Amino acid sequence: MPDDPEIIRAAIRKAHELGADVAGTVPAKRLVDCPSAIAEKRPGSQDRGTYIVLGLSHDPEHPELDLWEAGRGTPGDRILARIGKDLVRWLQEDYGVRARLIPYRLEDGGIYLKDAASLAGIGRMGRNNLVLVPGYGPRVRFRAVWADMDCPEEPSPEGEAPCAGCEEYCIRACPMDAFPTGKFSRERCLARMDADKATGRERIDHCRACELACPAGG
Ligand code: SF4
Ligand code: SF4
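Quick caveat: nothing in here was measured; it's all calculated off a predicted structure. (Residues numbered from 1 in each chain as written. Chains lettered and ligands numbered in written order. Predicted model: local features only at pLDDT ≥ 70, side-chain atom pairs only at ≥ 80, totals over all residues. Heavy atoms only, no water.)

A. Quick look at the sheet that holds strand 6 (residues 140–147). Taken in spatial order, the four strands of this open sheet run 1-2-6-3, and their pairing is antiparallel. Two strands bound the open sheet, and with one partner strand each, they are strand 1 (22–27) and strand 3 (99–101). Direction aside, the axes of adjacent strands within the sheet are offset by 25° on average. As paired strands, strand 1 and strand 2 (residues 50–57) are joined by six bridges and run antiparallel to one another. The partner of glycine 24 across the bridge, within strand 2, is valine 53. Against the sheet, helix 1 (residues 4–18) contacts strand 1 and strand 2, and its axis sits at roughly 150° relative to strand 1. (Pairing = 2+ DSSP bridges. Helix = DSSP H or I, 4+ residues; strand = E, 2+ residues; numbered from the N terminus. Axes fitted to C-alpha atoms, helices over the stretch in contact; angles between N-to-C directions. Contact = heavy atoms within 4.5 Å.)

Pasting the structure below:
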């Protein structure tokens with residue numbers, strides 16, 4: 001029987017086969033006091049097992065992936081959920097590993113996905129509060145699968161800060177001035193999302209200005 005690190009490496013390969021553009025793993029315990037958990041004063045996770053983080057590119061040429069509907073989320077997230085469910089089934093059937101798809105929303109039992117993606121080494125947090133992924137920039141959405149395995153702890157990637165030398169196109173593009181001190185204001189961004197929802201449109205194309213203005217990964 002392969003050991004946990006071998007199964008984890010196989011799971012990353014399987015995630016790509018199933019359609020994920022990027023994937024990585026992080027021990028669940030590293031999310032307990034991740035930066036968002038500290039900022040929100042809310043534990044970021046249980047402390048047991050491993051999260052397998054799945055990412056799907058959301059190319060601006062396919063804006064339909066990101067159209068949000070009440071009660072259904074977005075088509076891109078449904079693709080990620082399907083990949084996650086297939087990965088859960090494969091882990092259980094081929095290796096007898098307990099696993100489950102993590103809900104998207106925190107209030108449903110979700111995790112801080114951007115922290116998870118950063119800690120998994122998939123990318124690094126940009127000034128626009130999005131994970132900048134090599135080859136894709138911030139145009140990636142995430143989901144996670146929890147698996148009852150021990151994940152080897154890898155050091156977070158080091159190197160030049162991803163925004164070094166950039167003229168902050170993201171901050172300049174924001175219609176809500178959501179970076180008033182250079183730091184992201186969740187309240188201001190949420191106000192824009194709430195206003196979009198209040199239009200009553202069936203399918204909503206939420207603001208992506210800070211994402212689409214970013215040259216990273218282009
Ligand atoms: S999504 Fe839009 S409103 Fe929110 S921070 Fe980015 S640019 Fe500003
Ligand atoms: S636009 Fe520039 S400053 Fe903003 S996230 Fe992208 S690289 Fe960083």
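B. View of the pairing of strand 6. Burial of strand 6 is extensive: eight of the eight residues sit out of reach of the surface. Neither face of strand 6 is open: one carries Val140, Phe142, Ala144 and Trp146, the other Arg141, Arg143, Val145 and Ala147, and all of them are buried. Examined bridge by bridge, strand 2 and strand 6 share eight bridges and lie antiparallel to one another. By the bridge assignment for strand 6, isoleucine 52 is matched with valine 145. Judged from the three bridges that link them, strand 3 and strand 6 form a sheet pairing that is antiparallel. Within strand 6, the position partnered with leucine 101 by the bridge is valine 145. (Buried < 20%, exposed > 50% of the residue type's maximum accessible area, 1.4 Å probe, protein only.)

C. Up close: helix 3 (residues 75–95). With 21 residues, helix 3 should reach 30 Å at 1.5 Å per residue; the first-to-last C-alpha distance of 30 Å fits that figure. When helix 3 is considered as a whole, its buried residues turn out to be Pro75, Gly76, Asp77, Leu80, Ala81, Ile83, Gly84, Leu87, Val88, Trp90 and Leu91. Tucked inside the fold, the buried residues of helix 3 contact helix 1, strand 2, strand 3 and strand 6. Once helix 3 ends, the next one or two residues include glycine 96, with phi positive near 65°. (Expected span 1.5 Å × (residues − 1).)

D. The packing of aromatic side chains, seen in detail. Inspection of the entire model under this criterion finds two aromatic pairs. Ring geometry for tryptophan 90 versus tyrosine 95: centroids 5.2 Å apart, planes at 75°, classification edge-to-face. Assessed through its relative accessible area of 13%, tryptophan 90 is described here as buried. Accessibility expressed as a relative area gives 21% for tyrosine 95, which makes it partly exposed. Across the ring face of tryptophan 68, the terminal group of lysine 197 is positioned such that the distance to the ring centre comes to 4.6 Å. (Phe/Tyr/Trp six-rings, centres within 6.5 Å; stacked < 30°, edge-to-face > 60°. Lys NZ or Arg CZ within 6 Å of the ring centre and 35° of its normal.)

E. Spotlight on the domain arrangement of the protein. Here the domain parsing of the protein yields domain 1 (4–147) and domain 2 (169–212). Each of domain 1 and domain 2 was reduced to a C-alpha centroid, and the two centroids are 22 Å apart. With 15 residues of domain 1 at the interface, the matching set in domain 2 holds 16 residues. When domain 1 packs against domain 2, close to 1400 Å² is buried across both sides, 59% of that on carbon and sulfur atoms. Looking only at domain 1, the three residues that lose the most surface to domain 2 are Leu67, Trp68 and Asn128, adding up to 38% of its buried area. Our count for the domain 1 to domain 2 interface comes out at two salt bridges. Our enumeration of links across domain 1 and domain 2 arrives at five residue pairs in polar contact (both at pLDDT 80 or more). Taken together, the residues of the side of domain 1 that touches domain 2 break down into six nonpolar, three polar and six charged. (Domains from an automatic or database assignment. Buried area = accessible area lost by both parts, 1.4 Å probe. Salt bridge = Lys/Arg side-chain N within 4 Å of Asp/Glu carboxyl O. Polar contact = N/O pair within 3.5 Å; in protein donor to acceptor, adjacent residues only side chain to side chain. Nonpolar A, V, L, I, M, F, W, Y, C, P; charged D, E, K, R; others polar.)

F. Molecular detail of the site of ligand 1. The full set of residues close to ligand 1 is Cys174, Pro175, Met176, Ala178, Phe179, Phe184, Cys189, Arg192, Cys207, Ala209 and Cys210. Within the residue set of the shell around ligand 1, elements represented by two or more residues are helix 6 (186–198) and helix 7 (209–212). The residue inventory of the shell around ligand 1, partitioned by class, reads 10 nonpolar, no polar and one charged. (Near = heavy atom within 4 Å.)

G. Up close: the nonpolar core. Counting residues in each nonpolar core, the largest one holds 24 residues, and the members touching the most others are Ile52, Leu54, Leu87, Leu91, Val145, Ala147 and Met149. Within the residue set of this core, elements represented by two or more residues are helix 1, strand 2, helix 3 and strand 6. Looking at this core, the element that brings in the most residues is helix 1, giving seven residues. Excluding residues within four positions of it along the chain, leucine 54 makes contact with Ala15, Val22, Ala23, Leu80, Ile83, Gly84, Leu87, Arg141, Phe142, Arg143 and Val145. (Core = buried A, V, L, I, M, F, W, Y, C linked by side-chain atoms within 4.5 Å.)

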